[in-house]
Amino acid sequence: MTATTTPPKAPSRRSESPEPPRSVKRIAFGHRMSRWDLKLSPYLYISPFFILFAIVGLFPIAYTAVISFMDWDLVRNSGEFIGFEQYGWILGNPKFWIALRNTFSIFLLSSIPQLIAAIFIAAMLDQNIRAKTFWRMGVLVPYVMAPVAVALIFSNLFGDQYGLVNSILQDLGLPAVQWHSDAFASHIAIATMVNFRWTGYNTLILLAAMQAIPRDYYEAATVDGASKPRQFFSITVPSLRPTLIFVIITSTIGGLQIFDEPRMYDQYGTGGPNSQWLTITLWLYNIGWGEWNFGRAAALAWILFIIILLIGVINLVVTQGLVRTEGTRTTQTRAERRAAARAAKLAVQSEARVHAAAPATTTGSTREDER
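Keep in mind that this is a model prediction, so the values were computed, not measured.

**Examining the packing of aromatic side chains**
No. 1: With the rule as written, the count across this model stands at 23 aromatic pairs.
No. 2: Centre to centre, the rings of Phe 158 and Trp 179 are 4.8 Å apart; their planes meet at 75 degrees, and the pair counts as edge-to-face. Remark: Trp 179 occurs in the loop between helix H7 (164-171) and helix H8 (183-211) and Phe 158 occurs in the loop between helix H6 (147-157) and H7; sequence separation between them is 21 residues.
No. 3: Classification of Phe 158 as buried rests on a relative accessible area of 8%.
No. 4: Look at Trp 179 and you get buried, because its relative accessible area is 9%.
No. 5: Clustering of aromatic rings is evident, with ring pairs tying together Phe 69, Phe 81, Phe 84 and Tyr 87.
No. 6: Lying over the aromatic face of Trp 89, Arg 296 brings its terminal NZ or CZ to 3.8 Å of the ring centre.

Written out as structure tokens, the structure reads:
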């Protein structure tokens, strides 16, 4: 009787069974709310400003644009559409060009000296002097004063007959200046009021920018033997370029909208008998509330808005090339920069693919070792 022996079974390879699928986790409602809060809360925080601006700012602007194309009747609170006739009347009136000339003259006489004085005063306040807080608060006092009070005080100082300025000039043997009769003299007087009121405001802005400049620059310049004026023009002024652009743009907007000073320069408030100091905003006020013609006033307001917008864009384009920070200057063209950016993006994507394939390779080698 022969015994049959069954050969030993070879060890079977471990069957590779797929991992059981993970259970889908449900996102709780509280977690969703936290995600929505993270995404929506910034917009909710800034929404009050935009809501108020839409109510008290954007709506009046749009309403003024509609009125500028109408012959508006204030009694019936309605108007007849007449197209660009109001704009044609404004541009064809000689007073508009006189007001435009006076506005730019006062703007240049006030903004340029104001900017130079603000930089100089800020540089003095940035030094290690005694009673810093007192002097810094002192330069802001004219800005806190009411513009009507400033205009009344300076209009008396620049009086033609009994003004303090003419009295001092006559005591020095100089002839008196006709501050209200001569156009250029009246522009200087009004520009002096603007400079008195706004120089301190711009000084504090420039002072804050100066204090943000690292002191290591000045210490290194002192070690190299640079004098104070050389440090000012080589370190301080180049570092102030972004802030100077902001000050120039805001001064441009405010200078072209000047109203309080020419309005209170005399007792009539019409810009002088021959429109010597008539500005665009003052003429706008006279048309709207003097002649009760709101259609023409609205058209003039939009013309002024377009002028300010164009001047602001020109300022931005001219001064944009002056803003340079360390490491931003490059000799590459725009196409070369775009190509470099695309190459960097492709490199990042290929590196991500390598990292994604690395775990699969590692798992396969581990299983081969187990076999």
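Picking up after the structure, the text goes on.
**What about the confidence of the model for the chain?**
No. 1: Per-residue confidence for the chain gives a mean pLDDT of 80; residues scoring 70 or more make up 77%.
No. 2: Per-element confidence in the chain is highest for helix H3 (residues 94-125), whose mean pLDDT is 92, and lowest for helix H15 (residues 334-370), whose mean pLDDT is 59.
No. 3: Confidence over residues 324-330 falls short of pLDDT 50; this stretch has 3 contacts with residues more than four positions distant or in other chains.
No. 4: Taken as a whole, residues 360-371 scores under 50 in pLDDT and shows 3 contacts with residues more than four places along the chain or in a different chain.

**Regarding the packing of H8 against helix H11 (residues 241-256)**
No. 1: Look at H8 against H11: their axes get within 10 Å of each other, and the N-to-C directions meet at 165 degrees. Here H8 lies roughly antiparallel to H11, going by the angle between them. The handedness of the crossing between H8 and H11 comes out as right-handed. Across the interface between the two elements, Asn 202, Ile 205, Leu 206 and Ala 209 of H8 pack against Thr 243, Leu 244, Phe 246, Val 247 and Ser 251 of H11.
No. 2: When its residues are assigned to classes, the contact of H8 with H11 shows 6 nonpolar, 3 polar and no charged.

Parameters and conventions
Residues numbered from 1 in each chain as written. Predicted model: local features only at pLDDT ≥ 70, side-chain atom pairs only at ≥ 80, totals over all residues. Heavy atoms only, no water. Phe/Tyr/Trp six-rings, centres within 6.5 Å; stacked < 30°, edge-to-face > 60°. Helix = DSSP H or I, 4+ residues; strand = E, 2+ residues; numbered from the N terminus. Buried < 20%, exposed > 50% of the residue type's maximum accessible area, 1.4 Å probe, protein only. Lys NZ or Arg CZ within 6 Å of the ring centre and 35° of its normal. pLDDT = per-residue confidence, 0-100. Contact = heavy atoms within 4.5 Å. Axes fitted to C-alpha atoms, helices over the stretch in contact; angles between N-to-C directions. Parallel < 35°, antiparallel > 145°, perpendicular 65-115°, else oblique. Left-handed = near helix turned anticlockwise from the far one by under 90°. Nonpolar A, V, L, I, M, F, W, Y, C, P; charged D, E, K, R; others polar.

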